[in-house]
Amino acid sequence: MNHDKIQQAVTLFLEGIGEDCSREGLTDTPKRIADMCEQLFGGYEKDPSEPLSRTFHSETGDMVVEKNIQFYSVCEHHFLPFYGTVHIGYVPDGKVVGLSKLARAVEVYARRAQIQEQLTSQIARAIMENLNPKGVMVMIEAEHMCMTMRGVQKPGTKTVTYRAEGIFNENAELRQMFMQMIK
């Protein structure tokens, strides 16, 4: 991450909106925003397969569900936050992953400029590629500040996306079971 470029861009932005970058409250703002970018966009420097690589042998073929994984991301269209919960269900095929690892994989993708639809697919694809389960289903519910703070200005509106892979595509009963489990 290039802190100098970020600081230059923030300075130009502040000047562009008519701010005086030398005023007391703004003198360190470009540096603070560059530092903040390390956390908000740290997913670019991480590989999602890393948290999913530590697996355990398991005889179960029953669905594993991790629900209500909180996340924060930034919309690539307006660079405003969107945030909410991710629900993941997968049917193992001989191996499972530590539960915290699912949340860590979510974080890798959420910490990138992104759209919710893509985030949903990326999480599902990473689980399929790294765990080779019989199937996976990912559902995300999120509020987008681009709809709350600007444009249509409708706070509280939630966007819901889901992605089904493998056995979840073929089995409506399994999809329904996942939906019941995340309520």
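Our structure's up above, just so we're on the same page.
Throughout what follows, the structure given in this document is the object of discussion.

Rules behind the numbers
- Residues numbered from 1 in each chain as written.
- Predicted model: local features only at pLDDT ≥ 70, side-chain atom pairs only at ≥ 80, totals over all residues.
- Heavy atoms only, no water.
- Pairing = 2+ DSSP bridges.
- Helix = DSSP H or I, 4+ residues; strand = E, 2+ residues; numbered from the N terminus.
- Contact = heavy atoms within 4.5 Å.
- Axes fitted to C-alpha atoms, helices over the stretch in contact; angles between N-to-C directions.
- Buried < 20%, exposed > 50% of the residue type's maximum accessible area, 1.4 Å probe, protein only.
- Core = buried A, V, L, I, M, F, W, Y, C linked by side-chain atoms within 4.5 Å.
- Parallel < 35°, antiparallel > 145°, perpendicular 65-115°, else oblique.
- Left-handed = near helix turned anticlockwise from the far one by under 90°.
- Lys, Arg positive; Asp, Glu negative; His and termini not counted.
- Salt bridge = Lys/Arg side-chain N within 4 Å of Asp/Glu carboxyl O.
- Polar contact = N/O pair within 3.5 Å; in protein donor to acceptor, adjacent residues only side chain to side chain.

1. A closer look at the sheet that holds strand E7 (residues 159-166)
Then step 1. Strands sit in the order E5-E2-E3-E6-E7 across an open sheet of 5 strands; the sheet is mixed. Every interior strand has two partners, whereas the edge strands, strand E5 (113-114) and E7, have only one.
Then step 2. Two elements, strand E2 (residues 64-75) and strand E3 (residues 81-91), share 9 bridges in a ladder whose sense is antiparallel. Looking at E3, one finds that Val64 is bridged to Tyr90.
Then step 3. The strands touched by helix H4 (residues 99-110) are E2, E3 and E5; relative to E2, the strand with the most contacts, the crossing angle is about 20°.
Then step 4. Strand contacts of helix H8 (residues 172-181): E2, E3 and strand E6 (135-144), with the helix running at about 45° to E6, the strand carrying the most contacts.

2. Considering the pairing of E6
Then step 1. Burial analysis of E6 places 9 of its 10 residues in the buried class, the great majority of the element.
Then step 2. Relative to E6, E3 is paired through 10 bridges, and the arrangement is antiparallel. Paired with Tyr83 across the strands is Glu143, a residue of E6.
Then step 3. Pairing of E6 with E7, which is carried by 8 bridges, proceeds in the antiparallel orientation. Directly across from Met139, in E7, lies its bridge partner Tyr162.

3. Considering the nonpolar core
Side chains of nonpolar character tend, in soluble globular proteins, to be buried together.
Then step 1. Counting residues in each nonpolar core, the largest one holds 29 residues, and the members touching the most others are Phe71, Val86, Ile88, Tyr90, Ile123 and Ile127.
Then step 2. Listed by contribution, the elements that provide at least two residues to this core are E2, E3, strand E4 (95-97), H4, helix H5 (116-131), E6 and helix H6 (145-148).
Then step 3. Here the element with the most residues in this core is H5; it accounts for 6 residues.
Then step 4. Grouped together as the second largest cluster of nonpolar side chains are 10 residues, Cys21, Leu26, Ala34 and Ala113 included.

4. Points about the packing of helix H1 (residues 3-16) against helix H2 (residues 29-40)
Then step 1. Where H1 meets H2, the axes come as close as 8 Å, and the angle between the chain directions of the two elements is 130°. On the basis of their axis angle, the class for H1 and H2 is oblique. As for the relative orientation of H1 and H2, their crossing is right-handed in sense. In this structure, H1 contributes His3, Ile6, Gln7, Val10, Thr11 and Leu14 to the contact, and H2 contributes Thr29, Pro30, Lys31, Ile33, Ala34, Asp35, Cys37 and Glu38.

5. Quick notes on the side chain of Arg112
Then step 1. Along the chain, the position of Arg112 falls in the loop between H4 and E5.
Then step 2. Buried and unpaired, Arg112 has Asp47 as its nearest opposite-charge partner, separated by 6.6 Å.
Then step 3. Among the polar contacts listed, one links the side chain of Arg112 to the backbone oxygen of Gly43, at a separation of 2.9 Å.
Then step 4. Every residue in contact with Arg112, bar those within four places of it in the chain, is listed here: Leu40, Phe41, Gly43, Tyr44, Lys46, Pro48, Ser73 and Val74.

Any functional reading would require information beyond the geometric quantities listed.
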